[in-house]
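Listed below, chain by chain, are the residues.
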Number of protein chains: 2
Amino acid sequence: MERFAIETRGLSGGGRVSATKLLVLGIVHLSGGAHGYQVRSELQSWGAESWAKIKPGSIYHALKKAAADGLLTEHAEPGNSGPERVLYRATARGRDEMVELVRDGLRRTNDADMLNASIAMLPMLTRTDAIAQVNERVARLEAELVVQAKWREHPNRDAPEHVRDQAELWAGHARTELEWAKSLSKRLSEGAYTMADDPGSWRTVPDHRKMRV
Amino acid sequence: MERFAIETRGLSGGGRVSATKLLVLGIVHLSGGAHGYQVRSELQSWGAESWAKIKPGSIYHALKKAAADGLLTEHAEPGNSGPERVLYRATARGRDEMVELVRDGLRRTNDADMLNASIAMLPMLTRTDAIAQVNERVARLEAELVVQAKWREHPNRDAPEHVRDQAELWAGHARTELEWAKSLSKRLSEGAYTMADDPGSWRTVPDHRKMRV
DNA sequence: AAACGTCTAGTCAAGGTTGATTAGACGCGC
DNA sequence: GCGCGTCTAATCAACCTTGACTAGACGTTT
């Protein structure tokens, strides 16, 4: 009966994939260490509350959970000016997990939040890897559109008419996403953005020169 | 400080709007009374696990919560054949709340799950009401596209380049949705679907002839 | 200089979500 | 007539999300 029990688990201790987790890990990493409020501000300036629907409350939870899972380290800092704060830094496992989350988010269809978060963290990947993941997404979307087309030819008679008509909307979204993914793949191939293996990326910048707030 | 404390609360005891709640209330109502497994099967046959991302576990919780809030009544039934079951029936408050949820889900932008669930429960509204809500949605989407266009002219310099480029994808989704909403409005005007005030709708069918499993 | 709003920084309880698990009934091949 | 898989029906603990709330510091208005 428990044939599939393990299957869905990823690199770390398990638990649901979450856009919050990815974004929090990503910002901490990009900042080369950050406290909660800093992550919160950075995400806000990226407009993440709207496209990933992240509320401040979730950020602190995600940070603590990631620290408990060994993906981040916690350093308590006495408040020299203002309240106390806790500094978080990414561990090696945290970096690996984050990269896997980005790759998965790009490759797999479904879940808009995860896709948005993955795109936001795209430069965590090398250029060739990113292109490969996006291309796999393109292939998946094309396959899904074929399935959807078949489904509309032979609709499920149990579902009411207006529910069946909803499929048009989903197909429209899938086509939009397909076009966008194709154009992203092309932009990447043409050298757009600074990826992990490009000069000037977060990876090639020495620690003391990384972004600070 | 608590100026807005009440504002977000709806008709009932409060709490977050949820696609699960709407679908569960809707199925119970449409079935003229149902137990958990029946709701689960019906949603499955509508393909709801995929488009509303509802897992069985959530359904039972939603039923109990709705019963605790007075939106449903619970009738324990001894298992004449098979395990025990609990029969749920919609109350008047449950019906009112559900209709409000559908209207809100149609009118307000954001949250794909809620929109999908609302469309699935569209025939809960009268035809004129449904058209009005969809038209308001059309207007909102058009306004949003204008805002997005302005945003792309004057992008936020704090966000990285690839995050700013993501806006193209959102705009594409918004345009897809806009076109679909317009066509839905048109179909409704032309008399498509059986709405709450049409002959043959769930509302005009006497209780004993309602769908049973 | 007391009052006021605002920014920094974070906690918390209440509630929602979910994968795993339980358990009886039922058909069916051997 | 016994084991096996499948269907019905639901429970539960672990985990995630969130709105509301706390609290110090700082500028600035009155």
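Preceding this section is the structure that the text describes.
Residues numbered from 1 in each chain as written. Chains lettered and ligands numbered in written order. Predicted model: local features only at pLDDT ≥ 70, side-chain atom pairs only at ≥ 80, totals over all residues. Heavy atoms only, no water.

S.K.: Help me out: how do you make sense of the overall build of chain A in this one?
M.R.: From N to C terminus, chain A includes eight helices and two strands. The order of helices and strands in chain A, counted from the N terminus, is α-α-α-α-β-β-α-α-α-α. Put simply, of all contacts in chain A between residues at least 6 apart along the chain, 63% involve residues at least 24 apart. Per element, the accessible surface of chain A, about 11,400 Å² overall, is 52% carbon and sulfur. (Helix = DSSP H or I, 4+ residues; strand = E, 2+ residues; numbered from the N terminus. Contact = heavy atoms within 4.5 Å. Areas by Shrake-Rupley, 256 points an atom, 1.4 Å probe, with all protein chains shown as cover.)

S.K.: Before we go on, may I ask you to explain the packing of helix α1 (residues 19-31) of chain B against helix α2 (residues 36-45) of chain B in this structure?
M.R.: Axes are the key here: two packed helices are described by the angle between their axes and the distance separating the axes. Residue and element names in this part refer to chain B. Closest axis-to-axis distance for the α1/α2 pair is 10 Å, and the angle between their directions is 100°. By the angle class used here, α1 and α2 are roughly perpendicular. From α1, L23, V24, I27, V28 and S31 reach across to α2, where they touch Q38, V39, E42 and L43. Its residues placed into classes, the contact of α1 with α2 shows six nonpolar, two polar and one charged. (Axes fitted to C-alpha atoms, helices over the stretch in contact; angles between N-to-C directions. Parallel < 35°, antiparallel > 145°, perpendicular 65-115°, else oblique. Nonpolar A, V, L, I, M, F, W, Y, C, P; charged D, E, K, R; others polar.)

S.K.: Looking at this structure, how should I read the side chain of B:D129?
M.R.: Note on placement: B:D129 falls in helix α7 (residues 127-153). There is a polar contact of 2.9 Å between the side chain of B:D129 and the side chain of B:Q133. (Polar contact = N/O pair within 3.5 Å; in protein donor to acceptor, adjacent residues only side chain to side chain.)

S.K.: How do you make sense of α1(B) when you look at a structure like this?
M.R.: Quick reminder: α-helices carry 3.6 residues per turn. Residues three or four places apart thus point the same way. All names here are of chain B. Here α1 spans 18 Å end to end across 13 residues, near enough to the 18 Å set by a 1.5 Å rise per residue. Extensive coverage of α1 is indicated by the burial of 13 of its 13 residues. A distance of 3.1 Å separates the backbone nitrogen of T20 from a side-chain oxygen at the start of α1, and that oxygen is part of S18. G32 sits one or two residues past α1 and shows a positive phi near 65°. (Expected span 1.5 Å × (residues − 1). Buried < 20%, exposed > 50% of the residue type's maximum accessible area, 1.4 Å probe, protein only.)

S.K.: How do you make sense of the interface of chain A and chain B when you look at a structure like this?
M.R.: When the parts of a complex come together, some accessible area is lost, and that lost area is often used as the size of the interface. Contacts between chain A and chain B engage 29 residues on the former and 29 residues on the latter. At the boundary of chain A with chain B, total buried surface from both sides reaches about 2,700 Å², with 64% on carbon and sulfur atoms. The tally of links from chain A across to chain B stands at two salt bridges. Between B:D165 and A:R187 there is a salt bridge; the shortest N-O distance is 3.8 Å. Counting the contacts that link chain A with chain B gives ten residue pairs in polar contact (both at pLDDT 80 or more). Secondary structure elements with two or more residues in the side of chain A that touches chain B: α6 (112-120) and α8 (161-189) of chain A. Considering every element that reaches the side of chain A that touches chain B, the biggest residue donor is α8(A), with 14 residues. A class-by-class count of the residues in the side of chain A that touches chain B yields 15 nonpolar, eight polar and six charged. (Buried area = accessible area lost by both parts, 1.4 Å probe. Salt bridge = Lys/Arg side-chain N within 4 Å of Asp/Glu carboxyl O.)

S.K.: Explanation requested: unusual backbone geometry in the structure shown.
M.R.: For A:D111, which is not a glycine, the phi torsion comes out positive at approximately 50°. For A:D111, the location among the structural elements is in the loop between α5 (92-107) and α6.

S.K.: For this particular structure, what's the right way to read the nonpolar core?
M.R.: One recurring pattern in soluble globular proteins: nonpolar side chains tend to sit buried together. One finds B:L23, B:W46, B:W51, B:M121 and B:L188 to be the most contacted residues of the largest nonpolar core, which totals 60 residues. In terms of residue count, the dominant contributor to this core is α1(B) (eight residues). For B:L188, the contacting residues outside a window of four places in its chain are B:L122, B:R127, B:A130, B:I131, B:V134, B:Y193 and B:M195. Of all hydrophobic cores here, the second largest spans 59 residues; its members include A:I59, A:A67, A:L101 and A:M195. (Core = buried A, V, L, I, M, F, W, Y, C linked by side-chain atoms within 4.5 Å.)

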